[in-house]
Amino acid sequence: MLACNAAQAQMTGPEGRVYDVRTEQERYTARFQPGGAYLDDRPRTGRWQFDGRTLCMLIAAAGPQAPEYEVCTPWRDLEIGESYESRYWTAQGGPAHITRIQ
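Calculation rules
- Residues numbered from 1 in each chain as written.
- Predicted model: local features only at pLDDT ≥ 70, side-chain atom pairs only at ≥ 80, totals over all residues.
- Heavy atoms only, no water.
- Helix = DSSP H or I, 4+ residues; strand = E, 2+ residues; numbered from the N terminus.
- Contact = heavy atoms within 4.5 Å.
- Polar contact = N/O pair within 3.5 Å; in protein donor to acceptor, adjacent residues only side chain to side chain.
- Buried < 20%, exposed > 50% of the residue type's maximum accessible area, 1.4 Å probe, protein only.
- Lys, Arg positive; Asp, Glu negative; His and termini not counted.
- Salt bridge = Lys/Arg side-chain N within 4 Å of Asp/Glu carboxyl O.
- Pairing = 2+ DSSP bridges.
- Axes fitted to C-alpha atoms, helices over the stretch in contact; angles between N-to-C directions.
- Disulfide = S-S within 2.5 Å.

(A) How the structure looks around the environment of Glu 82. Along the chain, Glu 82 turns up in the loop between β6 (69–74) and β7 (83–86). Sequence separation between Glu 82 and Arg 100 is 18 residues; the distance between their C-alpha atoms is 6.0 Å. Other than its neighbours up to four places away in sequence, Glu 82 contacts Asp 77, Ile 98, Thr 99 and Arg 100. In this structure the side chain of Glu 82 is engaged in a polar contact, spanning 2.6 Å, whose partner is the backbone nitrogen of Glu 79.

(B) Summary view of the side chain of Arg 44. Note on placement: Arg 44 falls in strand β4 (residues 44–50). Buried within the structure, Arg 44 lacks any salt-bridge partner; its nearest side chain of opposite charge belongs to Asp 40, at an N-O separation of 6.0 Å. Here the side chain of Arg 44 touches Ala 60 through a polar contact of 2.6 Å, landing on its backbone oxygen. A polar contact is formed between the side chain of Arg 44 and the backbone oxygen of Pro 67, at a distance of 2.9 Å.

(C) Layout of the sheet that holds strand β2 (residues 27–32). In space, the 8 strands of this open sheet follow the order β6-β5-β4-β3-β2-β1-β8-β7, with antiparallel pairing throughout. Among the strands making up the open sheet, the edge pair consists of β6 and β7. Across the sheet, the axes of successive neighbouring strands diverge by a mean angle of 25°, strand direction being ignored. Strand direction decides the pairing type here: β4 and strand β5 (residues 54–59), joined by 5 bridges, are antiparallel.

(D) Representation of the pairing of β7 in the model. Burial along β7 is one-sided: the residues Tyr 84 and Ser 86 are buried and none of Ser 83 and Glu 85 is. Where β7 meets strand β8 (residues 96–100), 4 bridges bridge the pair, whose relative direction is antiparallel. Residue pairing across strands places Glu 85 opposite His 97, the latter belonging to β8.

(E) Summary view of the state of the cysteines. In this structure the tally under the stated criterion is 1 disulfide. Through a disulfide, Cys 56 is tied to Cys 72; the S-S separation comes to 2.0 Å. Across the S-S bond linking Cys 56 and Cys 72, the dihedral sits near 115°, which makes this disulfide right-handed. Placement of the pair is Cys 56 in strand β5 and Cys 72 in strand β6, with a sequence separation of 16 residues. Judged by relative accessible area, which is 17%, Cys 56 ranks as buried.

Structure (structure tokens):
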């Protein structure tokens, strides 16, 4: 049964999940909607894609001070409450603390 759940997570990736993201500059909640829509509470919107191994996020521009950017990160399947550190979640490659909250 556990192998099935791990395989299913690999197939769906972040779809329907919510993450708390903390960087040196900000903290926000990122939501990965079904169908590839991305929303966060900065507020920013965008699109996400998952190929089974890599998550890519295209985050739309929020004005001249916050331009559009794309980041891709190796997929880390987290249970609710689990965290990890990454340099792939920010436009500048700075450190980010990622926690799955839903």
